[in-house]
Every structure is written in C-alpha cells, then in structure tokens.
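What follows is the residue order along each chain.
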Amino acid sequence: MNRREFMRTSACAAAFGAAVKTNLLSPRPLQAAPGGVPPSDRVRFASIGTGVEGCTILQAALHCPGTEIVAACDLYDGRITAAKEYAHKEIFTTKDYRAILDRSDVDAVLVATPDHWHAKITEDACAAGKDVYCEKPMSHTVGQAFTMVEAMQKHSRIVQVGSQYRSSIVFAKAKEIFEGGALGQVTAVEASLDRNDASGAWVYPIPPDASEKTIDWDRFLGDAPKRPFDPIRFFRWRCFRDYGEGLPGDLFVHRLTGIHYIAGITAPPLRAASMGGLFRWTENREVPDLMWTLFEYPNFRLSLRCNLNNESPALARFYGTKGTLEVKNDALSFTPQNTEPQPEDYSIMGWPVKLRMEYLQQWHSEHPAPLPGQYRLIESAESFAAPRGYDCQVDHMNNFLESVRTRQPSVEDAVYGKNTAIAALMANYSYFNKCLAVWNEGARKIEG
Ligand SMILES: NC(=O)c1ccc[n+]([C@@H]2O[C@H](COP(=O)([O-])OP(=O)(O)OC[C@H]3O[C@@H](n4cnc5c(N)ncnc54)[C@H](O)[C@@H]3O)[C@@H](O)[C@H]2O)c1
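Just so we're clear, the structure is a prediction, and the values are computed from it rather than from any experiment.

A. Quick look at the state of the cysteines. This structure, assessed with the given rule, holds 0 disulfides. Cysteine C126 shares no disulfide, and the gap to the nearest cysteine sulfur, in C134, comes to 9.5 Å. On the basis of relative accessibility, which here comes to 1%, the residue C126 falls in the buried class.

Laid out in structure tokens, this is it:
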C-alpha cells in the first residue's frame, strides 16, 4: 500500500465510523455548592402563560434546587388548573399578568405566552424589578427586539431567552471542537428540523370546554387586530402571523441559537433568501409548511430547512477544510478530512509521460514517504452523546437561576435573543416579500 492508498483507507475508515467509540458526555451538576441552596438564595418563580411550554418549564424549574413556584397566570381556565397540578400545591393564579408583577413574593417570571405578547410582558416585568425567562423567539418584531434589550439594560434585570440548546452539553462539546480548530476553515453550515405529523404541524386539538366564558379572548388579542372569538386562533396561534412567525419563529430559532453559539456569532446574519410553500396543512393557516432559507454570515453560509412533511433527525452540520462536525439530536460526531499533502494526479494525465514522471519524481523527493513504522494515522473520527434522559431544558433553567443569584448576565440574554429573532424575521421577510432580506444594522431594520 503506498502512502496515498494508506491515507485514503484511513480516511474511509474514519468516514464510515469504523471502530469509532461514542464518548458519553457528563451533565453538569445542578448545584455548585454542596449542602443545598441557602433559603436566602431561593428563587420564587411565577409563570405567565401556562400552556404546553409554561407547564414544561414549571417542571424543569422544580428539578432545579432552590426554586419555588408561587404564582401562575393564564387566559384559559383549563391551563390555570394545569399549572396548579404541575406546581403540586395551591398557588396564586390570575388572568391579569400585572397582578403577578405587583407581588413582592415573586423574584422571577417565565413568559410563555404566544410570541406577540413576549415584548410587552418582558418590558413590564423588568420595570417591576423582576428577572425574566422569556420563551423563544424573543420578539415578534425587529423593533420589539431592541426595546427588550433596552428594558433589560435600563432596569439591570436578568433576561434569559428560552432556547434551551444554548445550555446543552452536546452543543458545548461541539463548540469546543469548533473553537479548537479541528475543522479548519468552515465555509458552509447546513441545518434542519423536520416533522411529519399533525402535532408537529401545530394542528392541536381544541379542548371541549373552550369558550368565551373560559378564555379571556380580548386579552389574548392584545395589540393584534380585533376579531371575533376563534378557538382555532387561540390554540393554534403559531399558524397565524398576528401572534407567531411560523416555522422561523418556532423552529429556525432553535437551530440558529445552537449555530450562533457553536460558531461564536454575535450579530444577525447579513442577508437571507427564503423559498418554501404551503403544500399539505392548508386549512386554517397563513404560514408555509416548508421553509428553506440561505443565510449569509461573514465567514460562512448557512442553509436552514424546516419541513412539516417528512420526519428526520434534528441536524446541524459544519463543513470545514479539515473535517465535518455533525450535531444530530443529542449526539455529535467529528469526522476528519484527509489533508495530507498529495501529488497532483488528475491534471497531469494530459501531460507527456516524461514531464509527468519528472513532476512525480520531484514531488516525491520533496515529500519523502515515512519509513515503515512511522506512518501517522490521520486524526480519527470521534463521537459524543448525552446520556439517555438528558434534558437541556433543566440545564437552561439552572443557568437562569444561577444568573438570578449571582447577577451575572444570562448565557442567552436579550442581546443574544435579539440576534436570533432578527434572523428568523429575515427569513419570513424574504419569503413573504419574495425578495432578498438585507439586515441594516445602522437603521435597525430589514430591507428588501
Ligand atoms: N423552548 C421550547 O422548546 C419551546 C417549546 C414550545 C413552545 N415554546 C414557546 O413558548 C411560548 C408558548 O408556547 P406554547 O406552546 O406553550 O403555547 P400554548 O398556546 O400552549 O400556551 C400559551 C399560553 O399563553 C396564554 N396567554 C396568552 N396571552 C397571555 C397573556 N397576555 N397573559 C397570560 N397568558 C397568556 C394562553 O392562555 C396559553 O395558555 C411560545 O413563545 C413558544 O414559541 C418554546
């Protein structure tokens, strides 16, 4: 076997994962100090919005030491009952979030309402001296993203955006590999998050007791255009542009958060071009069920896809000159490329034999083959996985609680959330206006 064949064989072995051991990643301990959280460091928590995500986060909070659920707010009776059930005790409940902000026994609030309410509640909560865990996408508009940052800074509050992959041990490992330079120059990134069922397409069942008696419809609308009561809009709000941002706001943001973290991105992308369509889930919906966007970042281009018509693993792939990094669900792998110097053997096929032989002779004299026993295996492929049952949402909540206690900025503060929210809004701008979306940082707006 000559050197080139040897290198090729090794690269193939790596590429096909031969004998690649998966290393198990260790979750961070939920509590830095032994002996528990002192009562003075207890964080008293209230949820504003206790639908699917509000209840999920309440559970995540209960897993973190030193938290107490003291109150909950929602606009639908059934969800207030659900919040009490998840809290496992009697808590203060209301349909008016301002009653939560008035309470002196609330240190921090979770904002888990539809997206069109995030900015107003977060800004009011900051002004009331509460720290805020605000669900993703942080804002419904570009303007709101900036006023939310201002509220966080003006009132010196901790604001954390709820895209939990920012606290995932899998993404942290991917960042370590990326920053260690093993990938070489990364110019292309590809990511996707696809689903193939009614729930994934937000076609949720409507509870049988949904009515204007059990739901505060006017408050739900807030600043959105007035409309007669419509339970479909209330329970499937993601399908309507007055309250959500469709696939970019719901799913792109998760991938964008992870990619911004791994690649150290601290600003919105420069440009975005989207294509997509509404093919299958056509009833009661204003947003596409396929969205594919090409984002321009200074050092790489990102192709990001969400498809509600085919299930596949959640993926982010970084293509570098020295290797490929793939994050797939809760695991990641690094596969090196063969970057050993090689003599040119393609274009010289058109040379006369004499020149070809001279070229190869010279190349080999300048690159002597290693002596037997000195062959160096190219870097081998590596793979890592989170342990079964790992939940980055608990880590994300714990990071928030640490920030509340230490007053150190959150790992995913409002500035971070602004950048990913703007990227999602750029994808929609391009799709709905059928043009390239260009971010104008000076004017703080998206232009066509
Ligand atoms: N991080 C994640 O993985 C994740 C997952 C799901 C949802 N989310 C986000 O969480 C938020 C909520 O999503 P969901 O799936 O829980 O929606 P949902 O419809 O299940 O729940 C939203 C709740 O907010 C309540 N609400 C609406 N306006 C309100 C107001 N002004 N005051 C108080 N309550 C109000 C509604 O009554 C409803 O019960 C969204 O921003 C969504 O993007 C994040």
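This is not the end of the story, as more comes after the structure.
B. A look at the sheet that holds strand β16 (residues 437-440). Pairing is mixed in the open sheet, where 11 strands are placed in the order β1-β15-β14-β13-β12-β8-β11-β10-β9-β16-β17. Where the open sheet ends on each side, the last strands, each with one partner, are β1 (22-24) and β17 (445-447). Pairwise comparison of adjacent strand axes, ignoring direction, gives a mean angle of 20° for this sheet. Sheet analysis places strand β13 (residues 323-328) next to strand β14 (residues 331-336), joined by 6 bridges and oriented antiparallel. The partner of L325 across the bridge, within β14, is F334. Where helix α7 (residues 169-179) meets the sheet, its contacts fall on β8 (186-194), β12 (312-320), β13, β14 and β15 (382-385), and the angle it forms with β14 comes to roughly 20°. The sheet strands contacting helix α13 (residues 414-433) are β9 (271-277), β10 (290-296), β16 and β17, and the helix crosses β9 at an angle near 60°.

C. Representation of the environment of P269 in the model. Within the fold, P269 resides in the loop between α10 (246-263) and β9. Looking at P269, the relative accessible area reads 0%, which means it is buried. For the pair P269 and Y297, spaced 28 residues apart in sequence, the C-alpha separation works out to 5.0 Å. The residues touching P269, leaving out its near neighbours within four places in the chain, are F295, E296, Y297, A423, M426 and W439.

D. Main features of the pairing of β12. In this structure, β8 lies alongside β12, joined through 7 bridges in antiparallel fashion. Its bridge partner being in β12, E190 is matched across the sheet by R317. Pairing of β12 with β13 involves 5 bridges; the strand directions are antiparallel. Across the sheet, residue Y319 finds its bridge partner in β13, namely T324.

E. Focus on the packing of aromatic side chains. One pass over the full model with this rule turns up 17 aromatic pairs. Ring centres of F220 and F234 lie 5.0 Å apart, and the angle between their planes is 55°; on these two criteria the pair is classed as tilted. Of the two residues, F220 is situated in helix α8 (residues 217-221) and F234 in helix α9 (residues 231-235); the sequence distance between them amounts to 14 residues. The exposure classification of F220 matches that of F234, with both residues buried. In this structure an aromatic cluster arises from ring pairing among Y76, W217, F220, F229, F234, F235 and Y243. Over the ring of F92 we find R103, and its NZ or CZ is 4.3 Å from the ring centre. Here the basic side chain of R166 rests over the ring of Y261, its NZ or CZ set 3.9 Å away from the ring centre.

F. Seen up close, the sheet that holds strand β7 (residues 159-161). What the 6 strands build is an open sheet, ordered β4-β3-β2-β5-β6-β7; its pairing is parallel. Edge positions in the sheet fall to β4 (92-94) and β7, since each has one partner strand and no second. Averaged over all pairs of adjacent strands, the angle between strand axes in this sheet comes to 20°, irrespective of strand direction. As judged from the 4 bridges shared by strand β2 (residues 43-48) and strand β5 (residues 108-111), these two strands associate in the parallel manner. Residue pairing for β5: A46 is matched across the bridge by V109.

G. Expanded view of the pattern of salt bridges. Summed over the entire model, instances satisfying the criterion amount to 28 salt bridges. In this structure, the salt-bridge partner of R44 is D107, at a minimum N-O distance of 3.0 Å. Of this pair, R44 sits in strand β2 while D107 sits in the loop between α4 (97-101) and β5, and the two are 63 residues apart along the sequence. Taking the relative accessible area as the measure of exposure, R44 reaches 29% and is therefore partly exposed. Salt-bridge contacts for E296 lead to R301; the nearest nitrogen and oxygen are separated by 3.7 Å. Using a relative accessible area of 18% as the deciding quantity, one classes E296 as buried. By sharing partners, the salt bridges in this structure join R227, D230, R233, D242 and E286 into a single network.

H. Highlighting the site of the ligand. Near the ligand lie 26 residues; those nearest to it are E53, D74, D115, K136 and R238. D74 is positioned such that a nitrogen or oxygen atom in its side chain is 2.5 Å from an oxygen atom of the ligand. Within the contact set of the ligand, a nitrogen atom lies 2.9 Å away from a side-chain nitrogen or oxygen of Q164. Within the complex, the protein chains bury 95% of what would otherwise be the 840 Å² of accessible surface of the ligand. Looking at the shell around the ligand, the elements with two or more residues in it are α2 (52-63) and α10. A class-by-class count of the residues in the shell around the ligand yields 11 nonpolar, 7 polar and 8 charged.

I. Highlighting the environment of R301. Along the chain, R301 falls in strand β11 (residues 301-307). Residue R301 is classed as partly exposed on the basis of its relative accessible area of 38%. In the structure, R301 is positioned 50 residues away from W351 in sequence and 37 Å away in space, judged by C-alpha atoms. Residue contacts for R301: discarding those within four places in its chain leaves T187, A188, V189, F295 and E296. Here Y297 takes part through its backbone oxygen, which lies 2.6 Å from a polar atom of the side chain of R301.

J. Summary view of the packing of α2 against helix α3 (residues 77-87). Following both chains from N to C, one finds α2 and α3 inclined at 15°, their axes separated by 10 Å at the closest point. By the angle class used here, α2 and α3 are roughly parallel. As α2 runs across α3, the sense of the crossing is right-handed. Residue-level contacts link V52, C55, L58, Q59 and L62 of α2 to R79, A82, A83 and Y86 of α3. The residue inventory of the contact of α2 with α3, partitioned by class, reads 7 nonpolar, 1 polar and 1 charged.

What counts and how
- Residues numbered from 1 in each chain as written.
- Predicted model: local features only at pLDDT ≥ 70, side-chain atom pairs only at ≥ 80, totals over all residues.
- Heavy atoms only, no water.
- Disulfide = S-S within 2.5 Å.
- Buried < 20%, exposed > 50% of the residue type's maximum accessible area, 1.4 Å probe, protein only.
- Pairing = 2+ DSSP bridges.
- Helix = DSSP H or I, 4+ residues; strand = E, 2+ residues; numbered from the N terminus.
- Axes fitted to C-alpha atoms, helices over the stretch in contact; angles between N-to-C directions.
- Contact = heavy atoms within 4.5 Å.
- Phe/Tyr/Trp six-rings, centres within 6.5 Å; stacked < 30°, edge-to-face > 60°.
- Lys NZ or Arg CZ within 6 Å of the ring centre and 35° of its normal.
- Salt bridge = Lys/Arg side-chain N within 4 Å of Asp/Glu carboxyl O.
- Near = heavy atom within 4 Å.
- Polar contact = N/O pair within 3.5 Å; in protein donor to acceptor, adjacent residues only side chain to side chain.
- Areas by Shrake-Rupley, 256 points an atom, 1.4 Å probe, with all protein chains shown as cover.
- Nonpolar A, V, L, I, M, F, W, Y, C, P; charged D, E, K, R; others polar.
- Parallel < 35°, antiparallel > 145°, perpendicular 65-115°, else oblique.
- Left-handed = near helix turned anticlockwise from the far one by under 90°.

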